[in-house]
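# Descriptive analysis of the structure
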Amino acid sequence: MSRFSILLFPIMSGILFLPVIILSLIPSTAFTQTPEEKGVAIAMEMDRRATGFRDVTAHMLMTLRDRHGRESIRKMRMKVLEVVGDGDKSLMVFDNPKDVKGTAFLNFTHKTGNDDQWLYLPALKRVKRISTRNKSGSFMGSEFAYEDISSLEVEKYTYKWVRDEEYNGMDCFIVEYYPVDRKYSGYTRQVSWIDKTEYRSHKVEYYDRKNSHLKTLTIKGYKKYIDRFWRADELNMVNHQTGKSTRLEFNDYKFQTGLNDRDFNKNSLKRVK
Amino acid sequence: MIKKRYTFLIIVCLSFSTGHVFMPRSHALELSGYAAVEGRLFTDDPLYPEQERHVISLAIEPELYHKWEGGPSFIFTPFIRADSADPERSHVDIRELNYVWISDTWELKVGISKVFWGVTEFVHLVDIINQTDFVENIDGEDKLGQPMVHVSIPRNWGVLDFFMLPYFRERTFPGEKGRNRTQLIVDTDRSVFESSDEENHIDFALRYNHTLGDWDFGIYHFNGTGREPSFTLGFDPGGLVLVPKYWLIEQTGLDVQAVKGNLLLKLESLYRSGQGDSFYALVGGLEYSFYNVVSRGVDIGLIVEWAYDDRDEDVSVVFNNDLMTGVRLALNDVSGTEVLAGFIIDLDNSDRVLTIESSRRLRDNIKIVVDAYVVLQSSEDSLIHAIRNDNNIRIELVRYF
């Protein structure tokens, strides 16, 4: 599972599963839990904690770095709307590089089935419906794949708790995520370090389709917003196979700004600026 | 008559004055845009003696944008081109000059703007609101700014768009020194209109579009002066010329696109009456994409489209029965490298055209565009026969600011 996704686009929790989560989290000798059950329980607890944010906006600064240390900058703004009972809606607009200024992506995620995505090309004033099969490809030449930055649903992965481990002084679960949509994902699995107190992800290792270690994401600078929702300031993705890396910084998070469906349609895509 | 001529001007002025009501809490004007230098290298000697061999030109398109907090937004985008060969291609246009007001239930745009309708890649059949700025590029993708009052009503059941278009823009055509022209030049000073109001005729359009699952579709009706001229022969002191005639038409158009996994299915169709016999035209096809090929992040798209026009050959129709195949390549690299190559086959004659469009960033704010247009073969009775010697490579350096 991409930590980026969980940070940006926390998902609706299945209220129905709540008793299961609570049960599964009780340290108990009365019944034993398989690693798979424990993994899914952790994922759902993360989901539960991330639910209820309603909407969020933020500015993003992406720094692409090649093997020789040459850097290239991308600036984006994003808006996310939480959708009750389905995946979130999101809108991302580019401010930099200037040749793609005003280019925007509108994304509707769905718990099951394909997501919907539209691209707006400002030079032609053209809104294009695009395929969402492009999951494993690079997002704007960065080390983040589309599937790393798209909204995440609990249903899109299966899970397995591996072990507990200390990471940066925090007691963490290590959980493996396996994509349900194996055919189009670029990964066989993702391994995530999740702290036990706040259920935040701090590190993710990505394993490619040959199951070799492809990328590592580290997540820093968690802050709590509106007394409830944790968001990180900085994400660093390192590609071990190419030596390239991408740093993604967030700032100006704003929660519950009163966005609604009308801010996430094809009309709003054309006037994002 | 004079009253009508200034209708649009009055609307623009009104929009400016009312816009100022929203002045409080304003931010600074945002200036962006680009300047470009373009060279067109023609591989063959010109067919007509007045034409220049190679052409260099400069273009600039600044954009001024301002949004009032919680209020309207304003945009002004002039465009200026200076061309070394063709005075007709040296031109100034206002691509955009408008105010936009947004409420929860409607959006209002007043001023000069650009609207695109359509789904296919090689032919933009149903796109009608804006006139083609033909001197810019023969692919028809450059458009002149269109004065309009545009009301958009987004609802759960789809989006309704209503357009009132108070002023008509004539298509631009190359002059006698320009390449990519017909043997007889088009004399745009002598244009003829069916409407007695000429370019002041008020046109209307209504469009409905919606998304249902994997399907996006739009349907519209246009009533007014058609953007595509017919031509008659005229006599100028210098000899014969083509005189454009613009007809009052009724046109209904449809555009549909479906997403099925990696496959996009596309259809555009129109029915027009008022310009000769009523006719229909359509273009449809598919685009299949391979993503992240060999895990290198490269996307390859294969495009096949077919265009058909019901009209007789003698009318100025380029895509009357043509098959277009194309390959789109996106490297998804830091430079954003993209290539679109197309091969156009006229199924009624021997016309064969190759097109290439490519671009990549050289620096953060500098992009290079390399296009090629090659008439491989043309039959004597076809329109592109006139530009058979105009095969060219177009290199453009664009500096964004």
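Residues numbered from 1 in each chain as written. Chains lettered and ligands numbered in written order. Predicted model: local features only at pLDDT ≥ 70, side-chain atom pairs only at ≥ 80, totals over all residues. Heavy atoms only, no water.

### A look at the overall build of chain A
- If you tally the helices and strands in chain A, you get five helices and 15 strands.
- Looking at chain A as a whole, 57% of its 273 residues are labelled buried.
- Partitioning the intrachain contacts of chain A with sequence separation of at least 6 by distance along the chain shows that 50% fall at a separation of at least 24.
- Of the roughly 11600 Å² of accessible surface on chain A, a fraction of 52% belongs to carbon and sulfur atoms. (Helix = DSSP H or I, 4+ residues; strand = E, 2+ residues; numbered from the N terminus. Buried < 20%, exposed > 50% of the residue type's maximum accessible area, 1.4 Å probe, protein only. Contact = heavy atoms within 4.5 Å. Areas by Shrake-Rupley, 256 points an atom, 1.4 Å probe, with all protein chains shown as cover.)

### Points about the interface of chain A and chain B
- Opposite the 33 residues of chain A that make contact, chain B presents 44 residues.
- For the pair chain A and chain B, the summed buried surface comes to about 3400 Å²; carbon and sulfur atoms form 44% of the total.
- A salt bridge links Glu30(B) to Lys101(A); its shortest N-O distance comes to 3.6 Å.
- The tally of links from chain A across to chain B stands at 22 residue pairs in polar contact (both at pLDDT 80 or more). (Buried area = accessible area lost by both parts, 1.4 Å probe. Salt bridge = Lys/Arg side-chain N within 4 Å of Asp/Glu carboxyl O. Polar contact = N/O pair within 3.5 Å; in protein donor to acceptor, adjacent residues only side chain to side chain.)

### Let's talk about the pattern of salt bridges
- What the rule picks out here adds up to 56 salt bridges over all chains.
- Salt-bridge contacts for Asp216(B) lead to Arg129(A); the nearest nitrogen and oxygen are separated by 2.3 Å. Residue Asp216(B) is located in strand β10 (residues 215–225), and its partner Arg129(A) is located in strand β6 (residues 126–130); the two belong to separate chains. We note that Asp216(B), like Arg129(A), is buried.
- Among the salt bridges present, the one from Arg207(B) reaches Asp255(B), with a minimum N-O distance of 2.7 Å. In this pair, Arg207(B) is assigned in strand β9 (residues 203–212) and Asp255(B) in strand β13 (residues 248–260), connecting sequence segments 48 residues apart.

### A few points about the sheet that holds strand β12 (residues 239–246) of chain B
All names here are of chain B.
- Spatial ordering of the open sheet is given by β8-β12-β11, a layout of three strands whose pairing is mixed. The open sheet has two edge strands, β8 (192–193) and β11 (230–236), and neither has a second partner.
- Note that β11 and β12 share seven bridges and pair antiparallel. The residue bridging Ser 230 from the neighbouring strand is Lys 245, located in β12. (Pairing = 2+ DSSP bridges.)

### Some remarks on the side chain of Asn239(A)
Residues and elements named next belong to chain A.
- Here Asn 239 lies in strand β14 (residues 234–239).
- A relative accessible area of 8% places Asn 239 in the buried class.
- Only 2.9 Å separates the side chain of Asn 239 from the side chain of Glu 143, close enough to count as a polar contact.
- Residue contacts for Asn 239: discarding those within four places in its chain leaves Glu 143, Leu 214, Lys 215 and Lys 244.

### Section: the pairing of strand β3 (residues 73–83) of chain B
All names here are of chain B.
- With eight of 11 residues buried, β3 lies mostly within the body of the structure.
- Linkage of strand β2 (residues 54–67) to β3, two consecutive antiparallel strands, is achieved through a turn of five residues, within which Gly 70 is found at a positive phi near 70 degrees.
- Note that β3 and strand β4 (residues 91–102) share nine bridges and pair antiparallel. Across the sheet, residue Ile 75 finds its bridge partner in β4, namely Asn 98.

### Description of unusual backbone geometry
- In this chain, Asn96(A) is followed by Pro97(A) through a cis amide linkage whose omega measures 0 degrees.
- Although it is not a glycine, Met140(A) sits at a positive phi angle of roughly 55 degrees.
- Position of Met140(A) among the secondary structure elements: in the loop between β6 and α4 (146–149).
- In this model, Glu198(B) sits at a positive phi of 50 degrees, which is unusual for a non-glycine residue.
- Among the secondary structure elements, Glu198(B) is positioned in the loop between β8 and β9.

### A word on the environment of Gly301(B)
Residues and elements named next belong to chain B.
- On the secondary structure map, Gly 301 appears in strand β16 (residues 298–309).
- What makes Gly 301 buried here is its relative accessible area of 3%.
- Sequence spacing of Gly 301 and Gly 326 is 25 residues, and the spatial spacing of their C-alpha atoms is 8.1 Å.
- If sequence neighbours within four positions are ignored, Gly 301 has contacts with Tyr 288, Ser 289, Gly 326, Val 327 and Arg 328.

### What to know about the environment of Val180(A)
- Examined against the element boundaries, Val180(A) turns out to sit in the loop between β8 (170–179) and β9 (187–195).
- Separated by 22 residues in the primary sequence, Val180(A) and Thr158(A) have C-alpha atoms spaced 6.6 Å apart.

### Notes on empty space enclosed by the protein
- Under the counting rule described, the total for this entry stands at two cavities of 30 Å³ or more.
- Estimates place the volume of the largest cavity at around 80 Å³.
- Taken together, 13 residues line the largest cavity, and the ones lying closest to its centre are Asn114(A), Asp115(A), Thr132(A), Asp214(B) and Val259(B).
- For the lining of the largest cavity, the residue count by class is two nonpolar, five polar and six charged.
- Taken as a whole, the second largest cavity holds about 70 Å³ of empty space.
- A per-class count over the lining of the second largest cavity returns three nonpolar, two polar and four charged. (1 Å grid on protein atoms, 1.4 Å probe; cavity = no way out; pocket = protein on both sides within 12 Å on 5 of 7 lines; lining within 4 Å. Points joined across faces, edges and corners; volume = space filled by probe spheres on them. Nonpolar A, V, L, I, M, F, W, Y, C, P; charged D, E, K, R; others polar.)

### Focus: helix α3 (residues 35–50) of chain A
Residues and elements named next belong to chain A.
- Here α3 spans 23 Å end to end across 16 residues, near enough to the 22 Å set by a 1.5 Å rise per residue.
- Every buried residue of α3 is listed here: Gly 39, Ala 41, Ile 42, Ala 43, Met 44, Glu 45, Met 46, Asp 47 and Ala 50.
- Backbone geometry just after α3 places Gly 52 at a positive phi near 100 degrees. (Expected span 1.5 Å × (residues − 1).)

### Looking at the layout of surface pockets
- Considered as a void within the structure, the second largest pocket measures approximately 1500 Å³ in volume.
- Together, 46 residues line the second largest pocket, and Arg77(A), Lys79(A), Val272(A), Lys67(B) and Glu69(B) are the ones closest to its centre.
- Mapped by element, the contributors of at least two residues to the lining of the second largest pocket are β1 (55–65), β2 (71–81), β3 (89–96) and β15 (245–255) of chain A together with β2 and β4 of chain B.
- Considering every element that reaches the lining of the second largest pocket, the biggest residue donor is β3(A), with four residues.
- Considering only residue class, the lining of the second largest pocket consists of 17 nonpolar, 14 polar and 15 charged.

### A few points about the nonpolar core
- Formed by 37 residues in total, the largest nonpolar core has its most connected members in Phe139(A), Leu217(A) and Leu235(A).
- If you list the elements that add at least two residues to this core, you get β1, β2, β3, α4, β10 (201–208), β11 (213–220), β14 and β15 of chain A.
- Looking at this core, the element that brings in the most residues is β1(A), giving five residues.
- Beyond its immediate chain neighbours, meaning those up to four positions away, Phe139(A) contacts Met62(A), Met76(A), Met92(A), Phe94(A), Phe105(A), Phe144(A), Ala145(A), Tyr146(A) and Ile149(A).
- Of all hydrophobic cores here, the second largest spans 16 residues; its members include Phe122(B), Val123(B), Leu125(B) and Ile303(B). (Core = buried A, V, L, I, M, F, W, Y, C linked by side-chain atoms within 4.5 Å.)

### So, the confidence of the model for chain B
- On average, chain B scores 90 in pLDDT, and the residues at 70 or more come to 92%.
- Segment residues 1–26 of chain B: pLDDT under 50, and 32 contacts once partners within four positions in sequence are set aside and those in other chains are kept. (pLDDT = per-residue confidence, 0-100.)

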